[in-house]
Amino acid sequence: MHATSQSAVWIKEPSMEAGVVIVTSAALPKYMIDKLHVAIDDWDQVAYLAVTQSRALMLDWLRLGSSLGQSCEASQLLHAVSKSSLLLDIEVDSMPGLTWLGSVCGHPLRVVELGTVAASDAAMDRQVDAIITATRSLAKSVLQDRYVI
């Protein structure tokens, strides 16, 4: 993990080729975070951001986001992400906590709602597989949009 702010951690930083950025709460079980990281580790088209303090990050954005000459923490985090990249928000609560991130720099955002985090490793593996399936589909779509003439 690469600490980049007080409110979020890049699990896998975005490359120039990144078309999808997986965004989760850092409260996701470590097992799932590690499985996702391993699944995308050699995939240049995918980055991964874990948000540790969603509310603080959002309040900072609301306070500073519209101020001229000031940059909020969220915009600093997403600055390296191409404008054509999609944010894939993985929600595990009935109350979405990260969907606002798409508004920070104008990135399109899609949501995968997992519901309750599974209790067993096997069930968590299925949830990770669902995230990877959605990621693969979105990455393919972004790459086709970027490179098809």
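What counts, and where the lines are drawn
- Every chain begins its residue count from 1, and numbering advances along the sequence as written.
- With pLDDT at 70 or above as the cut-off, local features in this predicted model cover only qualifying residues; side-chain atom pairs require 80 or more to be listed or tallied, and sums for whole chains, interfaces and linings still use all residues.
- Derived side-chain values reflect all non-hydrogen atoms in the structure, with water molecules and hydrogen atoms excluded from consideration.
- Put simply, DSSP marks the helices as runs of H or I at least four residues long and the strands as runs of E at least two long, and each gets a number from the N terminus on.
- Residue burial is assigned from relative accessible area. The probe radius is 1.4 Å, only protein chains are included, and a residue is buried under 20% of its type maximum, exposed over 50%, and partly exposed in between.
- Contacts between residues were defined by any pair of non-hydrogen atoms, one from each residue, lying within 4.5 Å.
- In these tables, accessible area is a Shrake-Rupley quantity obtained with a 1.4 Å probe, and a residue counts as shielded only by the protein chains included in the view.
- Only residues whose relative accessible area exceeds 30% and that take part in no salt bridge are eligible for patches, with like-charged residues grouped when within 9 Å of each other and nonpolar side chains (Val, Leu, Ile, Met, Phe, Trp, Tyr) grouped when within 5 Å.
- A side-chain nitrogen of Lys or Arg and a carboxyl oxygen of Asp or Glu constitute a salt bridge if their distance falls within 4 Å.
- Only four residue types enter the charge count, namely Lys and Arg as positive and Asp and Glu as negative; His and the chain termini do not.
- We put the charge of a Lys on NZ, of an Arg on CZ, of an Asp on CG and of a Glu on CD.
- Definitions used throughout: a 1 Å grid over protein atoms alone; a cavity as a set of points that fits a 1.4 Å probe which cannot get out; a pocket as an open set with protein on both sides within 12 Å along at least five of seven lines; a lining residue as one with an atom within 4 Å of a point.
- Grid points are joined across faces, edges and corners, and a volume is the space filled by probe spheres set on the points.
- The definition of a polar contact used here is a pair of N or O atoms within 3.5 Å, where within protein one atom must be able to donate a hydrogen and the other to accept one, and adjacent residues in sequence count solely through side-chain atom pairs.
- Count a disulfide wherever a pair of cysteine sulfur atoms falls within 2.5 Å.
- Should DSSP find at least two bridges between two strands, the strands are taken to pair.
- Seen with its strands pointing away from the viewer, a crossover is right-handed if its path from the first strand over the helix to the second goes clockwise.

Some thoughts on the overall build of the protein
When you go through the protein residue by residue, the secondary structure sums to five helices and six strands. What you see in the protein, going N to C, is helices and strands ordered as β-β-β-α-β-α-α-β-α-β-α. Here the protein holds 149 residues, and 44% of them are scored as buried. For the protein, the proportion of contacts with a sequence separation of at least 24, taken over those separated by at least 6, is 68%. Counting every atom, the protein has about 8,000 Å² of accessible surface; 54% of that belongs to carbon and sulfur.

A few points about a negative patch on the surface
Taken together, the side chains of Glu17, Asp41, Asp42 and Asp44 define an acidic patch exposed on the protein surface. Among the secondary structure elements, aspartate 44 is positioned in the loop between α1 (30-40) and β4 (46-51). Given the relative accessible area of 44%, aspartate 44 is considered partly exposed.

Focus: the layout of surface pockets
One way to see where empty space is left: roll a probe the size of a water molecule over the atoms. What the largest pocket holds in volume is close to 170 Å³. Every residue lining the largest pocket is counted, 13 residues in all, and those nearest its centre are Ser25, Ser54, Glu91, Gly97 and Leu98. The set of elements that each furnish at least two residues to the lining of the largest pocket consists of α2 (54-64) and β5 (86-91).

Some details on the side chain of glutamate 91
Summarising the element assignment, glutamate 91 is placed in strand β5. Of the side chains bearing the opposite charge, arginine 110 lies closest to the buried glutamate 91, which forms no salt bridge; the N-O distance is 14 Å. In terms of polar contacts, glutamate 91 uses its side chain to reach the backbone amide nitrogen of glycine 97, at 3.1 Å. Discounting chain neighbours no more than four positions away, the residues touching glutamate 91 are Pro96, Gly97, Leu98, Thr99, Val111, Val112, Glu113, Leu114 and Gly115.

Focus on the state of the cysteines
Overall, the coordinates contain zero disulfides when judged by the stated rule. Cysteine cysteine 72 remains unbridged, with the sulfur of cysteine 105 as its closest cysteine sulfur at 7.3 Å. Owing to a relative accessible area of 18%, cysteine 105 belongs among the buried residues under this scheme.

Concerning the pairing of strand β3 (residues 20-25)
β3 sits mainly inside the fold: five of its six residues count as buried. In the sheet, β3 pairs with β4 via six bridges, with the strands oriented parallel. Looking at the pairing, threonine 24 lines up with alanine 50 of β4. For the segment spanning β3, α1 and β4, crossover handedness is right-handed. Note that β3 and β5 share four bridges and pair parallel. Within the sheet, the bridge partner assigned to valine 20 lies in β5 and is leucine 86.

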